[in-house]
Structures are given as C-alpha cells and as structure tokens.
Amino acid sequence: MDFQFMGGSMGSVVGEKITRLIEYATNRFLPVIIVCASGGARMQEGSLSLMQMAKISSASYDYQSNKKLFYVSILTSPTTGGVTASFGMLGDIIIAEPNAHIAFAGKRVIEQTLKKTIPDGSQAAEYSFHKGLFDPIVPRNPLKGVLNELFQLHGFLPLNQG
C-alpha cells in the first residue's frame with residue numbers, strides 16, 4: 001500500500017491482491033504479514049471498494065479459523081477507514097508504530113456525526129493501545145527482531161541454538 005498514490009486507498013485491485021496473498025499463504029501453510037498505510041476504501045470505486053473489506057475478511061477467516069495459521073498486521077501512519085475496519089484489525093497479533101494515526105473515521109467526521117468534541121491524540125497509537133485496540137507498539141528498528149520472536153513462538157522458525 002503506497003500512501004503516495006491516492007492515500008494508499010484500498011480499491012478492487014488492492015483487495016484482489018491481498019485476497020490472493022492470503023489464499024496463497026493458506027495453500028502453502030505460510031504466515032502472513034501485512035503492513036498497512038491507508039486512507040481507507042477508495043470512494044472513487046464506490047461499492048466495489050467497500051466489497052473488498054468482506055472479500056479480504058472472508059479469506060482471512062478461512063486462513064485463521066479453519067487453517068489455524070498466523071497473521072501479523074502492522075499498522076503504520078495513517079491506517080484509517082475500511083482498512084482499519086477489515087484486515088488491519090484482524091491479525092492474530094496487531095502491531096502499531098509509535099505515534100501512528102489509527103482510526104476508522106477522521107476527527108472532523110466523528111465530531112460532526114456525534115456533535116461532540118473528541119480529545120486531541122485520541123487517534124494516536126498510544127491512546128488506542130491503552131484502550132486495548134492492539135498488541136505492542138514497536139518502532140521500525142527493532143521490528144525485525146520482534147517478528148522473529150513471534151514466528152519462533154508460533155513454530156514458523158526454529159528456536160535459536162545456544
């Protein structure tokens with residue numbers, strides 16, 4: 001997901017590629033890591049982009065529930081909208097970057113809908129972490145080591161000798 005292209009939005013091609021990735025991993029019993037950086041579903045495609053949420057979630061259900069395989073979701077800044085509502089939050093382990101902007105809707109949209117002011121920083125990773133929305137907050141530098149440990153714990157890599 002390239003945030004430089006249309007805000008990393010999820011359209012039908014992104015949905016198809018992620019679904020195929022999950023199906024490929026399911027057939028080969030591989031773990032999945034998805035790094036999210038998205039402004040949400042691509043509204044220019046209308047309902048086609050929204051259907052990707054269900055399509056990816058269905059493939060993820062087969063992968064996680066039926067095959068019992070391991071999915072790690074890494075949320076970078078920003079991760080919002082339909083990506084947050086679907087595969088961004090479906091990982092067995094959900095990792096966020098420090099200070100990442102993670103939300104379903106933007107602050108202005110929430111305030112206009114609820115007719116209430118929401119606190120500053122309420123869409124920051126640290127705030128959501130304290131509410132239990134995801135697992136660890138991990139900076140990029142130690143991320144490789146954290147993923148290595150997770151894969152060892154879940155049996156995808158041999159434990160270190162010595």
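Residues numbered from 1 in each chain as written. Predicted model: local features only at pLDDT ≥ 70, side-chain atom pairs only at ≥ 80, totals over all residues. Heavy atoms only, no water.

Draft legend 1. Main features of the overall build of the chain. Helix and strand counts for the chain come out as 6 helices and 3 strands. Sequence-ordered secondary structure for the chain, helices as α and strands as β, is α-β-α-β-α-β-α-α-α. For the chain, contacts bridging at least 24 residues in sequence account for 65% of all contacts bridging at least 6. Total accessible area on the chain stands at roughly 9300 Å², and carbon and sulfur atoms take up 58% of it. (Helix = DSSP H or I, 4+ residues; strand = E, 2+ residues; numbered from the N terminus. Contact = heavy atoms within 4.5 Å. Areas by Shrake-Rupley, 256 points an atom, 1.4 Å probe, with all protein chains shown as cover.)

Draft legend 2. View of the sheet that holds strand 1 (residues 32-38). Reading across from one edge, 1-2-3 is the order of the 3 strands in this open sheet, with parallel pairing throughout. Across the chains shown, the open sheet's two edge strands, defined by having one partner strand only, are strand 1 and strand 3 (93-96). Looking at each pair of strands side by side, their axes are set apart by 20° on average, direction ignored. (Pairing = 2+ DSSP bridges. Axes fitted to C-alpha atoms, helices over the stretch in contact; angles between N-to-C directions.)

Draft legend 3. Just the environment of E111, in detail. Along the chain, the position of E111 falls in helix 4 (residues 107-114). Other than its neighbours up to four places away in sequence, E111 contacts K116, T117 and I118.

Draft legend 4. Region of interest: the packing of aromatic side chains. Throughout the structure, instances matching the rule amount to 2 aromatic pairs. Taking the centre distance of 5.8 Å and the plane angle of 85° together, the rings of F70 and F151 count as edge-to-face. Of the two residues, F70 sits in the loop between helix 2 (47-66) and strand 2 (71-79) while F151 sits in helix 6 (residues 140-153), which places them 81 residues apart along the sequence. As far as the burial class goes, F70 and F151 line up, both buried. Look at F129 and F134: their rings are 6.5 Å apart centre to centre, the planes differ by 35°, and that puts the pair in the tilted class. (Phe/Tyr/Trp six-rings, centres within 6.5 Å; stacked < 30°, edge-to-face > 60°. Buried < 20%, exposed > 50% of the residue type's maximum accessible area, 1.4 Å probe, protein only.)

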